[in-house]
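Listed below are the residues making up each chain.
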Amino acid sequence: MPWKNQGGGPWGSGPRGPWGSGPQPVGPRPPDLEDLLRRGQDKLQQILPGGYFSGMGIALLLIAALAIWGLSGFFRVQSEELGVVLRFGKHVRTVQPGLNYHLPYPIETVLLPKALRVSTISIGMTLIDDPARRGRTMRDVPEESLMLTGDENIVDVDFTVLWRIKPDGVGNYLFNIQNPEGTVKAVAESAMREVIGRSNIQPILTGARTTNEAAVQELMQKTLDSYGSGVLIQQVQMQKVDPPAQVIDSFRDVQAARADLERLQNEAQTYANRVVPDARGRAAQILQVAEGYRQQAIAEAKGQSARFLKVFDEYKKAPDVTRQRIYLETMERILGGAEKLVYDGGSASSQGVVPYLPLNELTPRRPPATPAQPQAQSGGAR
């Protein structure tokens with residue numbers, strides 16, 4: 001265009017903009033690097049008498065380098081960490097959180113594992129990103145959670161393991177196992193499968209959860225200690241214990257039937273607890289009555305036999321007198337309540353007494369005849 005050749009554009013000559021002024025510098029100008037180097041050299045020459053390569057200069061440079069090298073050994077250990085100091089690659093000590101010091105590299109180095117933090121591993125479930133919910137959601141991992149029980153049933157077990165590094169086993173944790181998290185996860189899954197394989201499905205789904213958690217924790221700790229891993233298992237939490245999704249409806253029907261069975265058994269046991277003591281009480285009462293009757297009969301028999309023996313002893317001493325006394329006592333007991341007339345049989349006292357034989361009392365009395373009997377007799381008479 002024509003204005004390009006007009007020495008600054010259509011608004012005049014020179015480096016001007018369209019609004020009448022040229023470009024202005026923006027912000028402070030950067031310092032000149034060569035100038036800075038030159039000034040530093042001048043100051044260093046003033047500090048080092050005799051120049052760089054004099055004896056004093058080299059000594060000061062060595063002292064400064066040694067000071068910087070010595071100060072490089074300071075390090076800070078954070079609150080969740082422990083410092084593992086290595087001397088030529090060998091573990092020599094462990095330091096607590098705070099400011100610490102080790103001999104400078106390459107004599108000693110330090111590793112800072114998060115030994116005081118409790119880590120969590122989930123088996124049978126994993127977190128995945130969910131764009132629809134703008135967050136993370138839990139997904140089941142059946143190849144980890146499906147396990148075979150001791151009674152040949154399949155159960156879906158999701159559980160979580162809380163673990164940390166032992167304070168006195170940080171060296172073992174760093175040098176004895178290559179993948180600590182993977183090792184803990186593999187040991188947890190193996191231990192859970194072993195415990196589930198020794199148990200039946202019914203206790204696993206109902207009341208044996210705490211027992212299984214403790215057994216898994218103990219087995220995991222024993223295995224990891226045999227590896228020399230330096231890992232401490234703090235807790236095992238069983239999150240979900242259910243039958244597989246394909247058979248869960250049928251399993252719930254079986255559970256409901258078992259619940260009805262237990263209810264009926266409890267009702268029957270309650271009835272038995274009420275009836276059996278009552279029957280036992282009545283049986284005990286009958287036995288006590290029979291025992292009382294037995295004791296009474298035995299006592300009466302013993303008393304009568306003792307009385308008879310006493311009488312017999314007296315009878316042997318005076319048979320005639322005793323016989324007469326027994327006869328009199330017997331007649332007294334028999335005739336004591338009967339109506340009687342006594343006469344001596346003399347002629348004077350027997351006057352006016354007529355012997356009488358009660359024939360009607362000796363013959364049995366006939367029962368009164370019914371109305372139909374006279375007709376039959378009259379019919380026969382004809």
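Draft legend 1. Summary view of the overall build of the protein chain. Helix and strand counts for the protein chain come out as 11 helices and 11 strands. Burial analysis of the protein chain (382 residues in total) assigns 21% to the buried set. Long-range pairs, those at least 24 residues apart, make up 61% of the contacts in the protein chain with a sequence separation of at least 6. Only carbon and sulfur atoms are counted for the fraction: they give 57% of the accessible area of the protein chain, which is about 28600 Å².

Draft legend 2. Fine view of the sheet that holds strand β5 (residues 108-111). In spatial order, the strands read β3-β2-β5; together these 3 strands make up an open sheet with antiparallel pairing. In the strand order of this sheet, the two ends are held by β3 (90-95) and β5, each with one partner. Between one strand axis and the next, the sheet turns by 30° as a mean value, whatever way the strands run.

Draft legend 3. Broad picture of the pattern of salt bridges. Tallied over the full model, the rule gives 13 salt bridges. A salt bridge links K317 to E314; its shortest N-O distance comes to 3.8 Å. Placement of the pair is K317 and E314 together in helix α8 (residues 248-317), with a separation of 3 residues, close to one helical turn. Using a relative accessible area of 42% as the deciding quantity, one classes E314 as partly exposed. Linked by salt bridges that have partners in common, D156, D158 and K240 make up one network.

Draft legend 4. Geometry of the pairing of strand β6 (residues 119-123). Of the two faces of β6, the one holding S119, I121 and I123 is buried and the one holding T120 and S122 is not buried anywhere. Pairing between β6 and strand β10 (residues 154-165): 5 bridges, direction antiparallel. Residue pairing for β10: T120 is matched across the bridge by L162.

Draft legend 5. Expanded view of the confidence of the model for the protein chain. Mean pLDDT over the protein chain stands at 76; residues scoring 70 or higher make up 72%. Averaged over each element, pLDDT in the protein chain is lowest for helix α11 (residues 372-381) (44) and highest for helix α5 (residues 180-197) (91). The low-confidence segment residues 1-27, where pLDDT is below 50, has 18 contacts with residues more than four positions distant or belonging to other chains. Taken together, the stretch residues 373-382 has pLDDT below 50 and engages in 0 contacts with residues farther than four places along the chain or on a different chain.

Draft legend 6. Looking closely at a nonpolar patch on the surface. A contiguous nonpolar patch, built from L71, F74, L99, Y101 and L103 and spanning about 500 Å² of accessible area, is present on the exposed surface. Here Y101 lies in strand β4 (residues 98-101).

Draft legend 7. Main features of the environment of V155. With respect to the element layout, V155 can be found in strand β10. Once the C-alpha coordinates of V155 and L205 are considered, the two residues, 50 residues apart in sequence, prove to be 8.8 Å apart. Filtering out sequence-adjacent residues up to four positions away, V155 remains in contact with S145, L146, M147, T149, I196, L205, V241, D242 and P244.

Draft legend 8. Inspection of the nonpolar core at higher detail. If you look at the biggest cluster of nonpolar residues, it comprises 35 residues, and the most contacted ones within it are V157, F159, M192, M220 and I233. Put simply, the parts of the chain that give this core at least two residues each are β2 (83-87), β6, β10, α4 (170-175), α5, α6 (201-205), α7 (209-227) and β11 (231-242). When residues of this core are assigned to their parent elements, the largest contribution, 7 residues, is made by α5. Discounting chain neighbours no more than four positions away, the residues touching F159 are I121, S122, I123, M125, M147, A188, E189, M192, V236, Q237, M238 and Q239.

Draft legend 9. The arrangement of the packing of α8 against helix α9 (residues 319-335) in detail. Two elements in contact, α8 and α9, have axes separated by 5 Å at closest approach and are oriented at 130°. With respect to each other, α8 and α9 are oriented oblique. The segment α8 lies against α9, with V311, E314, Y315, K316 and K317 engaging P319, T322, R323 and I326. A breakdown of the residues in the contact of α8 with α9 according to their chemical character gives 4 nonpolar, 1 polar and 4 charged.

Draft legend 10. Representation of the side chain of T149 within the structure. The topology assignment puts T149 in the loop between β9 (146-148) and β10. Residue T149 is classed as buried on the basis of its relative accessible area, which comes to 4%. A polar contact of 2.5 Å, which involves the side chain of T149, links it to the side chain of D151. Filtering out sequence-adjacent residues up to four positions away, T149 remains in contact with V155, I196, G197, S199, I201 and I204.

Draft legend 11. Expanded view of the packing of α5 against α7. With their axes 9 Å apart at the nearest point, α5 and α7 run at an angle of 135° to one another. The angle between α5 and α7 places the two elements in the oblique class. Once α5 is placed against α7, the crossing between them reads as right-handed. Facing T183, V184, V187, A188, A191, M192, E194 and V195 of α5, the residues of α7 in contact are N212, A215, V216, L219, M220, T223, L224 and Y227. When the residues that make up the contact of α5 with α7 are grouped by side-chain class, the tally is 12 nonpolar, 3 polar and 1 charged.

Draft legend 12. Spatial organisation of the environment of A115. Take A115: it is sitting in the loop between β5 and β6. What makes A115 buried here is its relative accessible area of 0%. C-alpha of A115 to C-alpha of S79: the two residues are 36 residues apart in sequence and 9.7 Å apart in space. Setting aside residues no more than four positions away along its own chain, A115 makes contact with E80, E81, L82, R164, I165 and V170.

The rules behind these values
- Residues numbered from 1 in each chain as written.
- Predicted model: local features only at pLDDT ≥ 70, side-chain atom pairs only at ≥ 80, totals over all residues.
- Heavy atoms only, no water.
- Helix = DSSP H or I, 4+ residues; strand = E, 2+ residues; numbered from the N terminus.
- Buried < 20%, exposed > 50% of the residue type's maximum accessible area, 1.4 Å probe, protein only.
- Contact = heavy atoms within 4.5 Å.
- Areas by Shrake-Rupley, 256 points an atom, 1.4 Å probe, with all protein chains shown as cover.
- Pairing = 2+ DSSP bridges.
- Axes fitted to C-alpha atoms, helices over the stretch in contact; angles between N-to-C directions.
- Salt bridge = Lys/Arg side-chain N within 4 Å of Asp/Glu carboxyl O.
- pLDDT = per-residue confidence, 0-100.
- Patch = residues over 30% accessible without salt bridge, like charges linked within 9 Å, V, L, I, M, F, W, Y side chains within 5 Å.
- Core = buried A, V, L, I, M, F, W, Y, C linked by side-chain atoms within 4.5 Å.
- Parallel < 35°, antiparallel > 145°, perpendicular 65-115°, else oblique.
- Nonpolar A, V, L, I, M, F, W, Y, C, P; charged D, E, K, R; others polar.
- Polar contact = N/O pair within 3.5 Å; in protein donor to acceptor, adjacent residues only side chain to side chain.
- Left-handed = near helix turned anticlockwise from the far one by under 90°.

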